[in-house]
Amino acid sequence: MRELITRARVVLWDFDGPICRLFAGHSAEGVADGLVEWLEGRGLHGLLTESERESLDPHVVLRAVDRRHPGSDLVTELEERLTQEELKATTTAMPTAWADPLIRTLVALNLRLAITTNNSPQVASAYLAGRGLTSCFAPHIYGRTQELRHLKPDPHCLNRALRAVGSAPDTALMIGDTPSDFLAAREAGVPFLGYARNERKEKMLRGAGATTVVNSLETVLTAVRHP
């Protein structure tokens, strides 16, 4: 981990997980159910498989509809509904322990930071503004666009960030908490540091191939402060 941090000149952060628990007070499962109900209310029940309908992840629902109707008004409206739910969630989001001081410390050490997330960039911006962290990242906030095929594990948002800050992949570091974060980083050639707040998350990350995983960002902060 120390070697990863020492080499890094740019740190790419996933948003929901390493920076905060976005749905701490506004259940992601409830949002997914709401999207499914909205589709069913329009007679579009058949668009989703049973496993997609039962998914606890709103991104699974959104991607499924996009695969069947890419670029359609239906997808645009569904994505906007998800964005509004994410914006509501920012008011009850729970900051990840040690994330704020780690972010500020990295900036103080002249590292450049960017957000690379599957959430709406509006949502990340709103949360960061509420924590007084906008200046640590802006304008480098790269999130979900209308081109949903570019959601991670596609490395699109990571590549956008690298181009914008003028960084080679091997001088960057990605901090993420899901297999899709790891896979996107691997595809982009960016070293990866996994954050797992529980055993299940760690098992998923290691199962995807992540080799460096921490259970607390305090570990990272200590390594940054005492290289």
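The model shown is predicted, which means the values in this text are computed figures rather than measured ones.

Asks: Before we move on, can you summarise the pattern of salt bridges with the specific residues and values?
Replies: Within this structure, the stated rule accounts for 12 salt bridges. Between Glu-147 and Arg-149 there is a salt bridge, with its nearest N and O atoms 2.2 Å apart. Its salt-bridge partner being Asp-181, residue Lys-152 comes within 2.7 Å of it at the nearest N-O pair. One end of the pair, Lys-152, is in the loop between strand S5 (141–142) and helix H9 (156–165); the other, Asp-181, is in helix H10 (residues 179–188), and 29 residues separate them in sequence. Neither residue differs from the other here; Lys-152 and Asp-181 are each classed as buried. A cluster of three or more residues bridged by salt bridges with shared partners is formed by Asp-14, Lys-152 and Asp-181.

Asks: Go over unusual backbone geometry, please, and point to the residues and values.
Replies: Look at the link from Ala-138 to Pro-139: it is a cis peptide, with omega at 5 degrees. In this structure, Pro-139 sits in the loop between helix H8 (134–137) and S5. Of the consecutive residues Lys-152 and Pro-153, the connecting peptide bond is found in the cis state with omega at 25 degrees. Summarising the element assignment, Pro-153 is placed in the loop between S5 and H9. Positioned with a positive phi, Trp-98 is a non-glycine residue whose angle comes to about 75 degrees. Structurally, the position occupied by Trp-98 is in the loop between strand S3 (94–95) and helix H6 (99–108).

Asks: Describe helix H4 (residues 58–68), with residues and values.
Replies: Along H4, the residues that are buried comprise Pro-58, His-59, Val-61, Leu-62, Ala-64, Val-65 and Asp-66. Close packing links the buried residues of H4 with helix H2 (28–41), helix H3 (50–53) and helix H5 (73–89). Measuring from the side-chain oxygen of the N-cap residue of H4 to the backbone nitrogen of His-59 gives 2.8 Å; that N-cap residue is Asp-57.

Asks: Just give me the short version of the nonpolar core, but keep the residues and values in it.
Replies: Of all hydrophobic cores here, the largest spans 55 residues; its most connected members are Trp-13, Phe-15, Leu-39, Ile-115 and Phe-137. Counting residues per element, this core draws most heavily on H2, at 6 residues. With 21 residues, the next largest nonpolar core counts Leu-158, Ala-184, Ala-188 and Ala-196 among its residues.

Asks: So what about the sheet that holds strand S7 (residues 192–195)? Which residues, and what values?
Replies: Read from one edge of the open sheet, 6 strands run S5-S4-S1-S6-S7-S8, paired in parallel fashion. This sheet does not close on itself; its edge strands, each paired only once, are S5 and strand S8 (213–214). Of the strand pairs in this sheet, strand S4 (residues 112–116) and S5 are connected by 2 bridges, and their pairing is parallel. Within S5, the residue paired with Ile-115 across the bridge is Ile-141. Docked against the sheet, H6 engages strand S1 (10–13) and S4, running at close to 155 degrees with respect to S1.

Asks: Describe in detail the pairing of S4, supporting the description with residues and values.
Replies: The element S4 is extensively covered by neighbouring structure, given that 4 of its 5 residues are classed as buried. Strand direction decides the pairing type here: S1 and S4, joined by 4 bridges, are parallel. Its bridge partner lying in S4, Val-10 is registered against Arg-112.

Definitions and limits used
- Residues numbered from 1 in each chain as written.
- Predicted model: local features only at pLDDT ≥ 70, side-chain atom pairs only at ≥ 80, totals over all residues.
- Heavy atoms only, no water.
- Salt bridge = Lys/Arg side-chain N within 4 Å of Asp/Glu carboxyl O.
- Helix = DSSP H or I, 4+ residues; strand = E, 2+ residues; numbered from the N terminus.
- Buried < 20%, exposed > 50% of the residue type's maximum accessible area, 1.4 Å probe, protein only.
- Contact = heavy atoms within 4.5 Å.
- Polar contact = N/O pair within 3.5 Å; in protein donor to acceptor, adjacent residues only side chain to side chain.
- Core = buried A, V, L, I, M, F, W, Y, C linked by side-chain atoms within 4.5 Å.
- Pairing = 2+ DSSP bridges.
- Axes fitted to C-alpha atoms, helices over the stretch in contact; angles between N-to-C directions.

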